[in-house]
There are 2 protein chains.
Amino acid sequence: MTEGEPPLGLRERKKRETRAKLVKIAIRLAAERGLENVTVDDIAAEAGVSARTFFNYFPAKEDVILHADPDPIGQTRRIAAALLAAPAGLSPVRAVAHAMRPYIDEVDDDRDQWLARITIIERDPALMVRMFATHKESERILVDAVAERTGLDASGDFYPMLLFKVVGGAMQAATQRWHELGGSVRLAELFDAAIETIAAGLPVPVGTAVLEGKT
Amino acid sequence: MTEGEPPLGLRERKKRETRAKLVKIAIRLAAERGLENVTVDDIAAEAGVSARTFFNYFPAKEDVILHADPDPIGQTRRIAAALLAAPAGLSPVRAVAHAMRPYIDEVDDDRDQWLARITIIERDPALMVRMFATHKESERILVDAVAERTGLDASGDFYPMLLFKVVGGAMQAATQRWHELGGSVRLAELFDAAIETIAAGLPVPVGTAVLEGKT
DNA sequence: TGAAAGTTTGCAGGCTCTGCAAGATCCTCG
DNA sequence: CGAGGATCTTGCAGAGCCTGCAAACTTTCA
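How each quantity is defined
Residues numbered from 1 in each chain as written. Chains lettered and ligands numbered in written order. Predicted model: local features only at pLDDT ≥ 70, side-chain atom pairs only at ≥ 80, totals over all residues. Heavy atoms only, no water. Near = heavy atom within 4 Å. Polar contact = N/O pair within 3.5 Å; in protein donor to acceptor, adjacent residues only side chain to side chain. Helix = DSSP H or I, 4+ residues; strand = E, 2+ residues; numbered from the N terminus. Nonpolar A, V, L, I, M, F, W, Y, C, P; charged D, E, K, R; others polar. Contact = heavy atoms within 4.5 Å. Buried area = accessible area lost by both parts, 1.4 Å probe. Salt bridge = Lys/Arg side-chain N within 4 Å of Asp/Glu carboxyl O. Buried < 20%, exposed > 50% of the residue type's maximum accessible area, 1.4 Å probe, protein only. Arc of directions from axis to C-beta. 1 Å grid on protein atoms, 1.4 Å probe; cavity = no way out; pocket = protein on both sides within 12 Å on 5 of 7 lines; lining within 4 Å. Points joined across faces, edges and corners; volume = space filled by probe spheres on them.

Peer 1: I keep staring at the protein's contact with DNA strand D and nothing clicks. Help me out?
Peer 2: In the neighbourhood of DNA strand D, 22 residues make up the surrounding shell, with Lys14(A), Arg52(A), Lys61(A), Lys15(B) and Thr53(B) lying closest. Atoms of DNA strand D within 4 Å of the protein belong to the sugar or the phosphate in 66% of instances, the rest to bases. Taking Val40(A), its main chain carries an N or O atom lying 3.4 Å from a phosphate oxygen of DNA strand D. One of the side-chain nitrogen or oxygen atoms of Arg11(B) is found 2.9 Å away from a base oxygen of DNA strand D. Those elements giving two or more residues to the surface near DNA strand D turn out to be helix H1 (10-33) and helix H3 (51-57) of chain A together with helix H1 (10-33) and helix H3 (51-57) of chain B. Taken together, the residues that form the surface near DNA strand D break down as eight nonpolar, six polar and eight charged.

Peer 1: I tried to follow the protein's contact with DNA strand C on my own but got confused; where do I start?
Peer 2: What surrounds DNA strand C is a group of 20 residues, the closest being Thr53(A), Leu10(B), Lys14(B), Arg52(B) and Lys61(B). The sugar-phosphate portion of DNA strand C accounts for 67% of its atoms within 4 Å of the protein, the bases making up the rest. Contacts to DNA strand C include Lys15(A), whose side-chain N or O atom sits 2.7 Å from a phosphate oxygen. One nitrogen or oxygen atom from the side chain of Tyr57(A) is found 2.9 Å from a phosphate oxygen belonging to DNA strand C. Mapped onto the surface near DNA strand C, the elements with two or more residues apiece are H1 and H3 of chain A together with H1 and H3 of chain B.

Peer 1: Quick question: what am I supposed to make of the interface of chain B and chain A here?
Peer 2: Many descriptions give the size of an interface as the accessible area lost when the pieces come together. Listed by partner, the interface residues are 43 residues for chain B and 43 residues for chain A. In total, about 3600 Å² of surface goes out of reach between chain B and chain A, with carbon and sulfur atoms giving 70% of it. The largest per-residue losses of area from chain B upon contact with chain A belong to Phe158(B), Tyr159(B) and Leu202(B), which jointly make up 20% of the total buried on that side. Connecting chain B to chain A are one salt bridge.

Peer 1: When you look at helix H2 (residues 40-47) of chain B in this model, what are you seeing that I'm missing?
Peer 2: It helps to recall that an α-helix has 3.6 residues per turn; residues three or four apart then point in one direction. All names here are of chain B. All of the buried residues along H2 are Val40, Ile43, Ala44 and Ala47. Buried residues of H2 fall within an arc of 95° about the axis and therefore sit on the same side. For H2, the exposed residues lying more than 90 degrees away from the buried face are Asp41 and Ala45. The elements touched by buried residues of H2 are H1 and H3. Backbone geometry just after H2 places glycine 48 at a positive phi near 75°.

Peer 1: I'm lost on the environment of Val64(A) in this one. Help?
Peer 2: All names here are of chain A. Secondary-structure assignment places valine 64 in helix H4 (residues 63-66). Accessibility expressed as a relative area gives 1% for valine 64, which makes it buried. Separated by 17 residues in the primary sequence, valine 64 and alanine 47 place their C-alpha atoms 13 Å from one another. For valine 64, the contacting residues outside a window of four places in its chain are Leu22, Val23, Ala26, Phe54 and Phe58.

Peer 1: Looking at this structure, I do not really get the layout of surface pockets. What am I missing?
Peer 2: One water molecule sets the probe size; rolling that probe over the atoms shows where empty space is left. There is about 260 Å³ of room inside the second largest pocket. Around the second largest pocket, the lining is made up of 15 residues, and of these Gln176(A), Glu180(A), Glu139(B), Arg140(B) and Met161(B) lie nearest the centre. Where the lining of the second largest pocket is concerned, the elements lending two or more residues are helix H10 (159-180) of chain A together with helix H9 (136-150) of chain B. Its residues assigned to classes, the lining of the second largest pocket shows four nonpolar, three polar and eight charged.

See the structure below:
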């Protein structure tokens, strides 16, 4: 799946190093004072490159915080493929959740990095905006996949888009709650709970540990 | 409900006029060439005011397109109140939908303005999210209201936030589809269909006119 | 080793947005 | 009606983001 770790020359190594350094510094500074109080110059200077170079790596300042994944489209395609490959018995909602699972696990595995990121994002709405702005293309791919799996028409039917947006909402809610809990439970657990609640038609919860307080 | 239409001096009249002119011009220009190809100077010049004045009316360029409502917090509070006042028999999802209903009807009543707005927003996705991922403040108010209605704890329980985000997703999906259909059906109808589907646990649709294609 | 390919950087410049202070306009009250 | 005060508008300066462009530099590869 992961494409390559072949030769990997000096040039490529340096680039990754610089990129990683920019991300790391940016996250640290933004965690300290909020992204809006950190200029591109600050980040670039501390990384020992020019501000112009910063923009060779990231199209916008916000992306240094958000854009951990260098290839979001590829990731989306993989989710779409997983969706189509999911067990036939799964309902659409559960199938989508199942397809997203590996990426949610990744968040749990990189817990601290993600918690830091989310803290920064919560503090600066501009990041929230940019986070979803990129996703036009991804959205289409996933909606198409849902349509294919359900035998509906991506552009003519409402259902695929609705499902996509609803699961997106669940994802957001789970992420936010996870952050509130300081990552003390797995994101996957919260997400699963959200999906089950949705699959049940969002009834008022009664005695569900994860949905209610820690108890 | 609408607070006042008392005296209304010249000054206030002029301000509203300027504001309205800016909005109108901005929407027209953005519809023609996309918001990113319209500068604040363009808008201000055509409205006969300085660019500096533009920023006295709108905190950011995007707000001239989105910020139709001068008091989003007040509107949010009204939705929250309506949520608590909704018939006791309604399930949480339906109660929220019920509370939002008046504002959805407003969109239908101002159909063309909104279609134009959404066209612009669709072309510049950053605006889409900003539209719903409104202010943290609004979110808190609504989540609190959901918590109160369901007898849960807004900060300790997951359910209120989840419900809020899911309904937000439904709203987005409905809006997008409404725009695709060129407003040929009422947004309210699409929204209701979305809510019913969610209340049913998002089953694959069968023979539902609104959810499937026009047939 | 030397050309080809890829990177970094400074520079110029466009654009968004903010504070500030001067000037124009409206409103209120005597 | 005519101050005097309140409110708006505007120009200006300046910080910041971001983009081409071309020169200088580094890595790669034949």
